[in-house]
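# A closer look at the structure
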Amino acid sequence: MQDRLVFLIGSMRSGSTMLARMLGAHPAIHSPAEPHLVTPLAHLGYYEKVEKAAYEPHITQQAMREIVRALPRGEDDYLDAMRALTDTLYERLLAPTGRTHLLDKTPAYALVLDFLAKLYPRAKYVVLTRHPMAVWSSYVESFFDGDHEAAHRHNPMLERYVPPIARFLRERPVPLVHVRYEELVRDPEAQARRICEHLELPFEPGMIEYGEQQGGRTRTARGLGDPIQAGKESRPTTKSLAKWARELAGQTAKIEQCEQILGRLYDEDLATWGFERTAIAAELAAIPREGGAVRRKPLDAHTLERRLLVWLRRDIHRNALGRLVRKVRDACDVLLR
C-alpha cells in the first residue's frame, strides 16, 4: 500500500476538507472520510504514552519496549506489524473503488508526524497551511459558537499544530509538496497541477469543479471534516480569505487573544507556514476593536450541537455540576484501571 497512499497533512480548519474533495475528484484517487487509523497506533506505548487509556500506561510502555527489544529486527519488526494492520484496512477500503490511490486526510496526524513518517516513508504527502489567524477564527466560530476562551481551554490548536507541521516542512523526512490555502483558492488549477506532478498522476480538470454530480452521486466521500463551508461550495473560492478579520471586528477580547497566541509562536515556524509575524501583527492592529455587534448564526442542527458541546465544556470548568461530572469521570477512570 505504501506506494498507493497519499497523506494530506494540515491542521483543523485549514481547508483540508476542500482539498480532499478536489483530490477525490481525480479518477485515480479514492478519498474516504477521515480514517483516524494512525493516531491511536502512535500511542500504543512504544512511541507515545497512553495517559488516558483504561490501563496502566507506564507498565504498558515498559512492556512494549521490552517486547520490541526482543524482536529479531527490533523497531523494524514493530513497524512492520503496525503497517500490516493499516495496510489491510487501507487496501480493503481501496479495492472496491477500482482506483489506484487512497487519500487519508486526518488532521490529528499532524501531531504524530514522526511516527507516520517512520510507518510510511515511501507514501506521498501533501502539506496544507493557511493563515494562522484564519485557522483559529474558523475553529472558534465553527466548533465553539464564538466562545474563544472555551476553545483555547479545550485545545490551544495553533500552539499545538504550527510547530510540528513547520518542522515537518523544514526537515522533509518524506516526499512532500507544500500547498498554501490562499494560493490554492486563488489559482486552483496551478496548485492542482503541482500536486498531481508530485503524486506522479496526470492532471484532471474535474478536480477544480469537485462538487459536480455524476450519476446522482457526489464524486467525493462525505464524513468527518468541514460540515458547513466545504459542503456549500462546488469549487475553490476566495470568499473566506478575509472572513477571519471580519469576524474579529469589534471583538476586543478575541483580537487580544489572537495577539497572545501570535506571541507564543516562533518566527521560524510562521515563516515556514508562509507568513511573517510583522505582517500578521499589522493585520491584527488594523482591525477595529470597538463597535462590532456579536453575530448569531442561524439555528440549524450543526449550530445547536455545537452550542450544547460548548455549554458542556464551559460547565465542566466553571460550576459545581461540572466539578461533579469531572469527579465521576475520574472515578470511573480509576475503577477501569
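What counts and what doesn't
The residue count restarts for each chain, going from 1 along the sequence in the order it is written. For this predicted model, a pLDDT threshold of at least 70 governs which residues receive local features, and a threshold of 80 or more governs which side-chain atom pairs are given and counted, while totals over whole chains, interfaces and linings are taken from all residues. Excluded from the side-chain calculations are hydrogens and water; all other atoms, namely the structure's heavy atoms, are used. What counts as a helix is a DSSP run of H or I of at least four residues, what counts as a strand is a run of E of at least two, and both are numbered from the N terminus. For every residue, the accessible area obtained with a 1.4 Å probe (protein chains only) is divided by the maximum for its type, and the residue is called buried under 20%, exposed over 50%, and partly exposed between those limits. Only heavy atoms matter for contacts: two residues are in contact if any of them lie within 4.5 Å across the pair. Exposure was quantified through the Shrake-Rupley algorithm and a 1.4 Å probe, taking into account, for residues, occlusion by the shown protein chains and nothing else. Between any two strands, pairing holds if DSSP finds at least two bridges. Axes here refer to lines fitted to C-alpha atoms; in helices the fit is confined to the stretch in contact. Angles between the N-to-C directions go from 0 to 180 degrees.

## Describing the overall build of the chain
In terms of regular secondary structure, the chain is built from 17 helices and 7 strands. Taken across its 337 residues, the chain has 50% of its residues classed as buried. Restricting the contact set of the chain to residue pairs at least 6 apart, pairs at least 24 apart contribute 78%. With the model as given, the accessible surface of the chain reaches about 16,700 Å², and the carbon-plus-sulfur share is 55%.

## Some details on unusual backbone geometry
Despite not being glycine, Arg13 has its phi angle at roughly 65 degrees, a positive value. Checked against the element boundaries, Arg13 lands in the loop between strand S1 (5-9) and helix H1 (16-24). On the accessibility criterion, Arg13 (12% relative accessible area) is buried.

## Thoughts on the sheet that holds S1
The strand order S2-S3-S1-S4-S5 describes an open sheet built from 5 strands, whose pairing is parallel. A strand with exactly one partner marks an edge of an open sheet, and here the two such strands are strand S2 (29-30) and strand S5 (176-180). The strands touched by helix H8 (residues 157-171) are S1, strand S4 (124-129) and S5; relative to S4, the strand with the most contacts, the crossing angle is about 130 degrees.

## Quick look at the pairing of S1
Burial analysis of S1 places 5 of its 5 residues in the buried class, which makes it a mostly covered element. Of the two faces of S1, the one holding Leu5, Phe7 and Ile9 and the one holding Val6 and Leu8 are both buried throughout. Sheet topology note: the S1/strand S3 (residues 101-105) ladder contains 4 bridges and is parallel. Pairing of Leu8 across the sheet is with Lys105, part of S3. Alignment of S1 against S4, held across 4 bridges, turns out to be parallel. Counterpart to Val6 in the pairing with S4 is Lys124.

Geometry only, nothing functional implied.
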